[in-house]
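What follows is the residue order along each chain.
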Amino acid sequence: MAAKRTDPMVYQPGMAIIASDIRDKVLKNVDNYDYLKVSARDVEQALKKDYLSMEDYGALLSPAATPYLEEMAKKAIIETRKHFGNSIGLFTPLYIANYCENNCVYCGFNCQNKIRRGKLTMAEMERELEVIAKTGLTEILILTGESRHHSGVEYIGAAVKLAAEYFATVGIEIYPLNADEYAYLKKCGADFVSVYQETYNLDKYQQVHLSGPKRVFPYRFDSQERALMGGMRGVSFGALLGLGDFRKDAFATGVHAYFIQQKYPHAEIGFSTPRLRPFINNADNNPNDVHEQQLLQVMLAYRLLMPFAGITISTRERAGFRDHVIGMVATKISAGVRVGVGGHEQEEKGDEQFEISDPRSVTEVHQMILNRGLQPVYRDYIRV
């Protein structure tokens, strides 16, 4: 007999509830968004404005905006240069564990997928950090699978403390935490938090998150706000494009970030734009109708809605596309990436989360940035 699925709107024990109206405002905007009603005139009017309304932003994400991508790109370049100059930040992720308690049908780490699981010891972690630091990188993103049992907050805190000895900026991409737990990791040396809602459509969310803590939609939604309440310097947003209706999910992501920025104006806001990727035991996992043109449209719309937000382009995308979007719209790029557990200093201790498309080293990405007339930036923040 199949296990009974829990209500995705009901919090599980230990999950803190915060007083916030942001989720209601975002979902109301999404419910009212019908991109099929957008006309070419709506797009043209949006492109004339310096500041976008939610309706303007929705217009730029609509199919009606497809013929206007060149105009959007020209505006995006101006905004990107205005706020970021020629600089392109570099970083790399370090997966320290891939144990997971969630059954998410699109992810290689899901608890039902038969893969090699692993977790770095502190000694192994330090060797990985030393090797990465020798490449010249000064920003690192610490990642785990979503398992409090195998990767507890104290374990992650110890990892952050260690990483802060080698890197000027430490980000974390882990399971959602309560505000006091984010505050603890901030004291350990963490600077920013990345959490991706995956999809903002509740029906789809239920279909793809079959069990585990991640199934609780509102707790995940409020992660960025709890992180800022815990004192984090910045937060990043993203939907897994291709999982649901990518236009609605991208619209929701932008609106979510916009309202967080309004409420927490001191926060550094970032976007990531992951698309579905194949993984071990699921080679057919692909982003459906989200092709590179659609991905570019989403990135351009993010930039025009929030000109000062950082936008990261990951190794999920091929080298040629990544090269094309830096400077135009993307402000940060990963390099020397491994998506298994460890793998920088020694053989991977656990299998990867997904297949990457761009395996280039830090040196190769650095040279590519220079070749495009841009400036590789390794350090843009000094911890005092």
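Residues numbered from 1 in each chain as written. Predicted model: local features only at pLDDT ≥ 70, side-chain atom pairs only at ≥ 80, totals over all residues. Heavy atoms only, no water.

This part covers the overall build of the protein. Of regular secondary structure, the protein possesses 14 helices and eleven strands. Here the C-alpha atoms of the protein give a radius of gyration of 20 Å, agreeing with the 21 Å that 2.2 N^0.38 yields for 384 residues. Expressed as lengths along the three principal axes of its C-alpha atoms, the size of the protein is roughly 60 × 55 × 40 Å. Counting all 384 residues of the protein, 59% fall into the buried class. Long-range contacts, defined as pairs at least 24 residues apart, comprise 76% of the intrachain contacts of the protein with a sequence gap of at least 6. Summed over all atoms, the accessible surface of the protein reaches about 15,900 Å², with 50% contributed by carbon and sulfur. (Helix = DSSP H or I, 4+ residues; strand = E, 2+ residues; numbered from the N terminus. Rg over C-alpha atoms; globule rule 2.2 N^0.38 Å. Buried < 20%, exposed > 50% of the residue type's maximum accessible area, 1.4 Å probe, protein only. Contact = heavy atoms within 4.5 Å. Areas by Shrake-Rupley, 256 points an atom, 1.4 Å probe, with all protein chains shown as cover.)

Turning our attention to the pattern of salt bridges. Considering all chains together, one arrives at 16 salt bridges under this definition. Ionic pairing is found between Arg-233 and Glu-268, a salt bridge with its closest N-O pair at 3.0 Å. Of this pair, Arg-233 sits in the loop between helix 10 (223–229) and strand 7 (234–237) while Glu-268 sits in strand 8 (residues 268–272), and the two are 35 residues apart along the sequence. Assessed through its relative accessible area of 43%, Glu-268 is described here as partly exposed. (Salt bridge = Lys/Arg side-chain N within 4 Å of Asp/Glu carboxyl O.)

Enumeration over the complete set of coordinates arrives at ten aromatic pairs. Taking the centre distance of 4.2 Å and the plane angle of 10° together, the rings of Phe-271 and Tyr-302 count as stacked. Separated by 31 residues along the polypeptide, Phe-271 in strand 8 and Tyr-302 in helix 12 (residues 292–305) bring together distant segments of the chain. Residue Tyr-302 is classed as buried on the basis of its relative accessible area, which comes to 1%. Chaining the aromatic ring pairs together yields one cluster made of Tyr-33, Tyr-35, Tyr-57 and Phe-251. Against the face of Tyr-155 rests Lys-119, its NZ or CZ located 4.4 Å from the ring centre. Here Arg-226 stacks its cationic end above the ring of Tyr-219, 3.7 Å away from the centre of that ring. (Phe/Tyr/Trp six-rings, centres within 6.5 Å; stacked < 30°, edge-to-face > 60°. Lys NZ or Arg CZ within 6 Å of the ring centre and 35° of its normal.)

The next point concerns unusual backbone geometry. One non-glycine residue, Glu-198, lies in positive phi territory at about 75°. In this structure, Glu-198 sits in the loop between strand 5 (192–194) and helix 8 (202–208).

Here we come to the side chain of His-256. Mapped onto the elements, His-256 comes out in helix 11 (residues 246–263). There is a polar contact of 2.9 Å between the side chain of His-256 and the side chain of Tyr-200. Discounting residues that sit within four places of it in the chain, His-256 has contacts with Ile-22, Val-26, Tyr-200, Phe-221, Gln-224 and Phe-237. (Polar contact = N/O pair within 3.5 Å; in protein donor to acceptor, adjacent residues only side chain to side chain.)

Taking burial as the measure, the five residues of strand 3 (residues 139–143) include five buried ones, the bulk of the element. Neither face of strand 3 is left uncovered, since the one carrying Glu-139, Leu-141 and Leu-143 and the one carrying Ile-140 and Ile-142 both have all their residues buried. In the sheet, strand 1 (residues 87–95) pairs with strand 3 via four bridges, with the strands oriented parallel. When the sheet's bridge partners are listed, Tyr-95 is paired in strand 3 with Leu-143. (Pairing = 2+ DSSP bridges.)

Position of Arg-23 among the secondary structure elements: in helix 1 (residues 22–31). Of the side chains bearing the opposite charge, Asp-222 lies closest to the buried Arg-23, which forms no salt bridge; the N-O distance is 4.3 Å. (Lys, Arg positive; Asp, Glu negative; His and termini not counted.)

Our next topic: the environment of Thr-66. Looking at the secondary structure, you find Thr-66 in the loop between helix 3 (54–60) and helix 4 (69–84). On the basis of relative accessible area, Thr-66 is assigned to the partly exposed category, the value being 26%. Along the sequence, Thr-66 and Ile-269 sit 203 residues apart, while their C-alpha atoms lie 26 Å from each other.

As a further point, take the packing of helix 4 against helix 12. For the pair helix 4 and helix 12, interaxial distance at closest approach is 9 Å and the crossing angle is 45°. One way to sum up the angle between helix 4 and helix 12 is to call them oblique. Crossing handedness for the pair helix 4 and helix 12: left-handed. Of the residues in helix 12, those touching helix 4 at Leu-69, Met-72, Ala-73, Lys-75, Ala-76, Glu-79, Thr-80 and Phe-84 are Gln-293, Gln-297, Leu-300, Ala-301, Arg-303 and Leu-304. Looking at side-chain class alone, the contact of helix 4 with helix 12 contains eight nonpolar, three polar and three charged residues. (Axes fitted to C-alpha atoms, helices over the stretch in contact; angles between N-to-C directions. Parallel < 35°, antiparallel > 145°, perpendicular 65-115°, else oblique. Left-handed = near helix turned anticlockwise from the far one by under 90°. Nonpolar A, V, L, I, M, F, W, Y, C, P; charged D, E, K, R; others polar.)

The next point concerns helix 5 (residues 122–133). Between its first and last C-alpha, helix 5 extends 16 Å over twelve residues, near the 16 Å set by a 1.5 Å rise per residue. Burial in helix 5 covers these residues: Glu-124, Met-125, Glu-128, Leu-129 and Ile-132. Taken down its axis, helix 5 places every buried residue within 135° of arc, on the same side. Where helix 5 is buried, its residues touch strand 1, strand 3 and helix 6 (153–164). (Expected span 1.5 Å × (residues − 1). Arc of directions from axis to C-beta.)

This paragraph deals with the environment of Gly-230. Relative to the elements of secondary structure, Gly-230 occurs in the loop between helix 10 and strand 7. Using a relative accessible area of 10% as the deciding quantity, one classes Gly-230 as buried. Counting along the chain gives 49 residues from Gly-230 to Glu-181, while the straight-line C-alpha distance between them is 7.4 Å. Among all residues touching Gly-230, those that are not within four sequence positions of it are Ala-179, Tyr-182, Ala-183 and Lys-186.

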